[in-house]
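For reference, the chains in residue letters:
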Amino acid sequence: MLKKGLIILELTFVFFLTILFSKPTITKAKPVTDADVVQHFETKDHEELIISYVLEDKKELFFKTTTENAIDIQALKKELGAQKIEEITSEEIKVTLDNPDKIDFKMLLTNKKDFTLIALDSNHNEIFRREMNEQTKDSRLAAEDDEWLTEEEIANFEEGTWTEADSLRLSEGPILEHSDGTTTRPYLYFGDYVYASQNISLLDAYQKKGDSRQVSLTAANSAILFADKGSRISDGLRSPNNHIYTTHYGDNQNLDTGLYNLEIENRPYGSPNSFVSNTLYNTVQQTDNWLLPGTSGPDKAGYSFAFLERPRFFYRIDPNTGFEEQRLVFRQRAFDSEKKGRANPEVTTTIRQKFDKGGRIITIISSKNTGKTTINNFTAFSNQDFSLNKDGKEIISVDGKKAGNYLPMYSLGNNRGMYIQSKNDEVRTSIYTKESNYPPKAWAARSISHSYIATKGYMVTHGLLEIGRTTERYYPWKVGKPKGRVSLVGNNFYDRKTQTYKSPYVPENLYNAFDDQRDLGDAENNLTAGTRLGASRAESMWDTGLTMHSPTIDLEVGKSSKIQYTTKTDVNGKDFNPVLKIDDKGTDDKPNILILGQKDLPITGSWFDFDSTNATIYYTVDSMNPNDLQILANGVQTNNEAASGKVNEIKKSIPLRGLDKSKHRIRFIMKDGEGHLSTIEETIFRFIKDTTNQPQINVISPSSSYEDPHTPFSHQITLRGIWSDKDSKNIKSISYSIDDGEEKAIQENVPVKDNSRFAFWELQDLNIGSQNDFKPHKITFKIVDDEDNIGKEDFYFQHKSGSTQLIAPQKIDLGSLVISPISSKKIKPTIKEGKIILDDFRENSSHPINVTLSIARFYKSNKNQEETHHHSEDGDDSQSSHDPDTSTKALALETDKSKYISHKVYWKNKRVSSKNLIIGQSVKKDEKPWHFTNDFTNEVLKNLELTFKSVKNKSVFGEYVSQWTWQTIDSIE
């Protein structure tokens, strides 16, 4: 193996020095026998492993599987030679590996079932084991037992609020009508607008594109559909007066044909340079400077530290806004297989995208340690490569020049974040980095990297006796370059023709993106709005990018690290609506906290308007009546400031006299000189008492009162709050009880910090499954100090009637059979994972509902070409012959619709239609609980059968797929 080869070289060098200075002692080394999985590829046909080996003794390995016929023996014989393979049983083979010129080989395995692959030496000692076709699972823990639902049912319900999908999709935000007659609608999606709008399968998106993948699935992207005056937004891109804007390189940019001369990994489709990464790779290839850890992009194909397996994709309706949200879940593991004595840390990352009520996109990146060991010095990154695009290519200005990349990046002021604007002022994208409990610890408006590169972070290369010692930094710790220097491969870092830095370089006084983990980049610089980030306005441009990272922590098992940011894109139409932004907004679930008696509420924010020189900001308190509008501020700017879209600051205060302790809502709106209105901004706050000698406890989130109880959407509630005690040194306990039942501890023996007036508490995923009804319920929170003084607060909740939710498996297997012109025998489906469930949340006495199934035609599935692989063991790009940072046609349809097979459907042994087959009816909800589950799984498995035959006069083979549509239909009694 390459790694062991390096070790041998190092030992030889030490032995050479020993000859020079002392009498050598020769010790015979024990022969090495080792093997490992170094790469893993997932295709439609099979799983492919690249297995590296060192066999200094007996030249043979044994491979066992926990299921029969899991290894493709014929492919292995073709790879190594038939005489090298001995089939011992259907679950074990012996492989002879005596070719001195080979260090690895390819093994193909089935992707149809789960099993374990075990490698053994000639004495049958285990070398490694690898779980095959394992699926990502969301771990959920119910807090207590309940009489209505089991813990498994609660977990299934929680997960059931999300629908898993095998294909990408677009999620639509609110339609925003502007006073000039134009309308806009935001979309969110993963990867590339083109692929999401065509619902390309995740498996197709996951396939290789050179050393990368077809689509950067971890690119959390968004688009704006713009409809001109007189055009309908509902017509989408069918109308010539509608346009689509995207904000990242390679996102709906496939018509930029001039960029197809780049290396295939970097061509302008699939958002190749926008991705989520972390420092897990540093546990594989350790950096030479702990403050500059190694990183890997997730698209480095074949390596488990990039993707352990294909990501999983989910969507649902956000109960807070009514708009669809999405999430992507993927795992990364340091090493592909398990070996005795080798730690193998694992990270599961969830990327969630959702809209707020005004159409801005909120992105939350959560990295959870799902392994068995703490990951030291862990940092998660969001990497973005900007390009402002319109209708499939980079925005073009009126002079015909490109206007959407190599742009200056500007501060939003007051540490809010950054924005970029096309050179023709047609579109602006803003990134707000400080709007949540999980702001990035650091962010830097610098250049880009690539999602398929893995590097050490910092590497020292030693010459003989330290002569010729060299060092190198890699993204995100890359050093900036001077305009005049020439690299070792002869390329200038600076393009004198375009007067820009070549991608991904930045000026020599900067880093791409940070000096080290302690460098905050542009965060906390407190620059005024409109200040160029990273350089003076006179400095040349570079490839426009943004890197954000989480706080650096030792990530313990089961713990998570999070980053959250908000994105908004504004299109400058013929007339422009002012854009208003209020800072530090409280929400229903997380209101801002004020001390009772506070007289004024400070308000800060910003606004910009491309075509007005004056505007007025209005507000109301707990009212939507236009007659209650009050003036907060008047804004004035010059014509030049308007034309450039200057960001103007707001700093005012609102009187609070006469407001009670309950929750309050302030709404803001801006009206410019031409009468155009901004979208409504709002902030929510509540009062609490100041600290006293008596302990106090308050529930801050979610909001609730006796008159207006909280309405939970599931069987779990996460509650957050504040407690205080002015004179105690210690709090004995913080506890809760439901409906005056058993008291349970949240925290015990908590010290009171001298420098803190208030302390925060949290109760995560409280199980309320026992309260599965329509009655009001109470949770009492109690705090006791060291003098036995007590404080209490009650939290109220009540389920409300809703609708039904139908859940069905994503995959239903009909097995393998030969299809001929003669109809086959009847085949029953099997379900490996999931159930067919109708969750009923309607009020009692609701009538039954029918569940129907429609089975579409079975088409032949296309297959991708076999993947290639490299022989690198650890995937490190740091030792490439060139700088890895300088590395420079959409996939086919999922099915071949010219090839299909005929089928017939039978239910309870009777021939029925393939459309709208009633497979069951829900139980009448008569004094049933709030959440009642109807399970139709067994009915379908027992009663549904299909037969098949080919449509041409010959037998057919291959994989055929069909779309099965499950839906509910009201049953009238």
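Residues numbered from 1 in each chain as written. Predicted model: local features only at pLDDT ≥ 70, side-chain atom pairs only at ≥ 80, totals over all residues. Heavy atoms only, no water.

## As for the pattern of salt bridges
The tally for this structure, following the rule as stated, stands at 45 salt bridges. In this structure, the salt-bridge partner of glutamate 743 is lysine 782, at a minimum N-O distance of 3.6 Å. Highlighted residues: glutamate 743 in the loop between β50 (730–738) and β51 (744–751) and lysine 782 in strand β53 (residues 776–785), separated in sequence by 39 residues. Taking relative accessible area as the criterion, glutamate 743 reaches 45% and is therefore assigned partly exposed. The exposure class of lysine 782 is buried, given its relative accessible area of 19%. (Salt bridge = Lys/Arg side-chain N within 4 Å of Asp/Glu carboxyl O. Helix = DSSP H or I, 4+ residues; strand = E, 2+ residues; numbered from the N terminus. Buried < 20%, exposed > 50% of the residue type's maximum accessible area, 1.4 Å probe, protein only.)

## Digging into the packing of aromatic side chains
Here the structure, examined in full by the defined rule, presents 28 aromatic pairs. Measuring from ring centre to ring centre gives 4.7 Å for tyrosine 281 and phenylalanine 305, while their planes differ by 55°; the resulting arrangement is tilted. Placement of the pair is tyrosine 281 in the loop between β17 (275–278) and β18 (295–296) and phenylalanine 305 in the loop between β18 and β19 (312–317), with a sequence separation of 24 residues. One exposure class covers both tyrosine 281 and phenylalanine 305, and it is buried. Pairing tyrosine 859 with tyrosine 900 gives two aromatic rings, centres 6.2 Å apart and planes at 70°, and the pair type is edge-to-face. One aromatic cluster is present, formed by Tyr53, Phe63 and Phe105 through successive ring pairs. Between arginine 327 and the ring centre of tryptophan 162, over which it is positioned, the NZ or CZ distance is 4.7 Å. (Phe/Tyr/Trp six-rings, centres within 6.5 Å; stacked < 30°, edge-to-face > 60°. Lys NZ or Arg CZ within 6 Å of the ring centre and 35° of its normal.)

## What to know about the environment of aspartate 935
Note on placement: aspartate 935 falls in strand β62 (residues 932–935). Residues in contact with aspartate 935, not counting those within four places in the same chain, are Lys835, Ile836 and Ile837. (Contact = heavy atoms within 4.5 Å.)

## Some thoughts on the side chain of aspartate 356
When you line up the elements, aspartate 356 lands in the loop between β21 (346–355) and β22 (361–369). A polar contact is formed between the side chain of aspartate 356 and the backbone nitrogen of glycine 359, at a distance of 3.0 Å. A polar contact of 2.9 Å, which involves the side chain of aspartate 356, links it to the backbone nitrogen of arginine 360. Those residues in contact with aspartate 356 that lie beyond four places of it in its chain are Thr321, Phe323 and Ile362. (Polar contact = N/O pair within 3.5 Å; in protein donor to acceptor, adjacent residues only side chain to side chain.)

## A word on the pairing of strand β27 (residues 417–421)
Counting buried positions along β27 gives five out of five residues, so the element sits mostly inside the fold. Neither face of β27 is open: one carries Gly417, Tyr419 and Gln421, the other Met418 and Ile420, and all of them are buried. Across two bridges, strand β26 (residues 410–411) lies against β27 in antiparallel orientation. For serine 411, the partnering residue across the bridge sits in β27 and is methionine 418. Where β26 hands over to β27, the hairpin turn is made up of five residues, of which glycine 413 adopts a positive phi near 85°. (Pairing = 2+ DSSP bridges.)

## Remarks on helix α2 (residues 73–80)
Every buried residue of α2 is accounted for by Ile73, Leu76 and Leu80. Here the buried residues of α2 occupy an arc of 60° about the axis, which is enough to place them on one side. When the buried face of α2 is taken as reference, the exposed residues oriented beyond 90 degrees from it are Gln74 and Lys78. The inward-facing, buried residues of α2 abut β4 (85–89), β5 (92–96) and β6 (104–109). A distance of 3.4 Å separates the backbone nitrogen of glutamine 74 from a side-chain oxygen at the start of α2, and that oxygen is part of aspartate 72. Among the residues trailing α2, glycine 81 stands out with phi positive, at a value near 110°. (Arc of directions from axis to C-beta.)

## Examining the environment of isoleucine 233
For isoleucine 233, the position within the fold is in the loop between β15 (220–227) and β16 (242–248). Judged by its relative accessible area of 11%, isoleucine 233 falls in the buried class. When the C-alpha atoms of isoleucine 233 and threonine 182 are compared, they prove to be 8.9 Å apart, with 51 residues separating the residues in sequence. Residues contacting isoleucine 233, with those up to four places away along its chain left out, are Ile175, Thr183, Thr184, Arg185, Leu225, Phe226, Ala227 and Asn242.

## Let's talk about the side chain of arginine 312
By secondary structure assignment, the location of arginine 312 is in strand β19. Among the polar contacts made by the side chain of arginine 312, one reaches the side chain of glutamate 164 at a distance of 2.6 Å.

## Details of the sheet that holds β26
Strands sit in the order β9-β19-β20-β21-β22-β39-β28-β27-β26 across an open sheet of nine strands; the sheet is antiparallel. Single-partner strands in this sheet number two, and they are β9 (163–165) and β26. Note that β22 and strand β39 (residues 560–571) share eight bridges and pair antiparallel. Paired with serine 366 across the two strands is lysine 562, which belongs to β39.

## Description of the nonpolar core
General note: in soluble globular proteins, nonpolar side chains tend to be found buried as a group. Among the nonpolar cores identified, the biggest contains 64 residues, and Leu168 and Met418 are the most heavily contacted of them. Ranked by residue count, the leading element in this core is β15, at six residues. With residues near it in sequence (within four places) discarded, methionine 418 still touches Phe386, Met409, Tyr410, Leu412, Thr429, Ser430, Ile431, Trp443, Ala445, Leu533 and Leu546. Core analysis: the next-biggest nonpolar cluster, separate from the first, contains 26 residues, Val37, Leu49, Phe63 and Ile71 among them. (Core = buried A, V, L, I, M, F, W, Y, C linked by side-chain atoms within 4.5 Å.)

## What about the sheet that holds β50?
One key point about sheets: their strands pair by backbone hydrogen bonds, in either a parallel or an antiparallel sense. Taken in spatial order, the four strands of this open sheet run β51-β50-β53-β54, and their pairing is antiparallel. On the outer flanks of this sheet lie β51 and β54 (790–798), each paired with one strand and no other. Each adjacent strand pair in this sheet contributes to an overall mean axis angle of 15°, direction not counted. When β50 meets β51, the two strands line up antiparallel, connected through six bridges. Bridging from a neighbouring strand, isoleucine 731 pairs with valine 750 of β51. (Axes fitted to C-alpha atoms, helices over the stretch in contact; angles between N-to-C directions.)

## Quick notes on unusual backbone geometry
For the bond from asparagine 512 to alanine 513, the omega torsion is 15°, close enough to zero to count as cis. As for its placement among the helices and strands, alanine 513 is situated in strand β36 (residues 511–513). That bond from serine 701 to proline 702 is cis: its omega, -5°, falls within 30 degrees of zero. Relative to the helices and strands, proline 702 is located in the loop between β48 (696–701) and β49 (716–724). Although it is not a glycine, aspartate 425 sits at a positive phi angle of roughly 60°. Topologically, aspartate 425 is positioned in the loop between β27 and β28 (427–432). Within the chain, asparagine 526 stands out as a residue other than glycine whose phi angle is a positive 55°.

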